[in-house]
Amino acid sequence: MYEILLAVDEKDEHAKAQVDAVVDLPGRDEIHAHVFHDFQDNPTGASIGQLASARHAKDTLEDAGIEVTLHETSGDPSEAILDTARDLDVDAICVASRKRTPTGKALFGSVTQAVILGSDRPVLVCGAEQ
């Protein structure tokens with residue numbers, strides 16, 4: 001079984017790009033997808049099951065015959081992704097990228113960049129159509 005962590009945000013188009021990439025991987029019947037979301041600010045106590053992008057990812061992956069487990073945390077997104085990947089001992093991490101200028105990345109940081117630089121496992125970066 002190949003374990004992959006899909007770190008989804010709130011955007012459906014990002015989750016769709018990630019799901020499409022995972023479904024297109026060879027041997028998809030041997031994949032176990034861990035759909036994950038980190039709530040940075042969650043005053044209402046929402047859960048990952050209430051997040052449309054996570055529900056879309058789960059439903060689409062299951063329709064493709066991929067086993068899915070949902071996970072959630074709260075805190076710093078890049079640290080949470082890396083910690084969860086380590087805790088679950090996944091084989092790869094799948095993230096979506098946002099279009100930002102180099103200046104925007106320097107000023108505001110990039111979760112994707114932090115995951116790529118901080119991970120000891122492969123990171124699949126998916127771009128969504130804007």
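Going by the structure above, here's the rest.
Residues numbered from 1 in each chain as written. Predicted model: local features only at pLDDT ≥ 70, side-chain atom pairs only at ≥ 80, totals over all residues. Heavy atoms only, no water.

Novice: In this structure, what is going on with the nonpolar core? I would like to understand it.
Specialist: Most often, soluble globular proteins have nonpolar side chains that are buried together. Among the nonpolar cores identified, the biggest contains 22 residues, and I4, L6, V22, A33, V35, L61 and I66 are the most heavily contacted of them. Of all elements in the fold, only strand 1 (2-7), helix 1 (12-23), strand 2 (31-39), helix 2 (52-63) and strand 4 (92-97) reach the threshold of two or more residues within this core. Broken down by element, the residue count for this core peaks at 6 residues, all from helix 1. If we ignore the near neighbours within four places in the chain, the residues touching I4 are V22, L25, I31, H32, A33, H34, V90, A92 and C94. (Core = buried A, V, L, I, M, F, W, Y, C linked by side-chain atoms within 4.5 Å. Buried < 20%, exposed > 50% of the residue type's maximum accessible area, 1.4 Å probe, protein only. Helix = DSSP H or I, 4+ residues; strand = E, 2+ residues; numbered from the N terminus. Contact = heavy atoms within 4.5 Å.)

Novice: Mind showing me how you'd approach the pattern of salt bridges here?
Specialist: It is possible for side chains of opposite charge to pair when their charged atoms get near one another. Tallied over the full model, the rule gives 5 salt bridges. Here K16 and D20 are joined by a salt bridge, their closest N and O atoms 2.8 Å apart. Within this pair, K16 and its partner D20 are both found in helix 1, separated by 4 residues, close to a single helical turn. Residue class for K16 comes out partly exposed when judged on its relative accessible area of 43%. Overall, D20 belongs to the partly exposed group, its relative accessible area being 33%. With its nearest N and O atoms 2.7 Å apart, the salt bridge here joins R86 to D83. One end of the pair, R86, and the other, D83, are both in helix 3 (residues 77-88), 3 residues apart, so they sit about a helical turn from each other. Relative accessible area serves as the criterion here: at 45%, R86 is assigned to the partly exposed category. (Salt bridge = Lys/Arg side-chain N within 4 Å of Asp/Glu carboxyl O.)

Novice: Would you take a moment to explain the packing of helix 3 against helix 5 (residues 111-118) for this structure?
Specialist: Two measures define how a pair of helices packs: the angle their axes make with one another and the distance between the axes. The contact between helix 3 and helix 5 brings their axes to 9 Å, and the two run at 40°. Relative to helix 5, the element helix 3 lies oblique. Crossing handedness for the pair helix 3 and helix 5: right-handed. Taken together, the residues of helix 5 that come into contact with helix 3 (itself represented by P77, S78, I81 and L82) are V111, A114, V115 and G118. Partitioned by chemical class, the residues of the contact of helix 3 with helix 5 number 6 nonpolar, 2 polar and no charged. (Axes fitted to C-alpha atoms, helices over the stretch in contact; angles between N-to-C directions. Parallel < 35°, antiparallel > 145°, perpendicular 65-115°, else oblique. Left-handed = near helix turned anticlockwise from the far one by under 90°. Nonpolar A, V, L, I, M, F, W, Y, C, P; charged D, E, K, R; others polar.)

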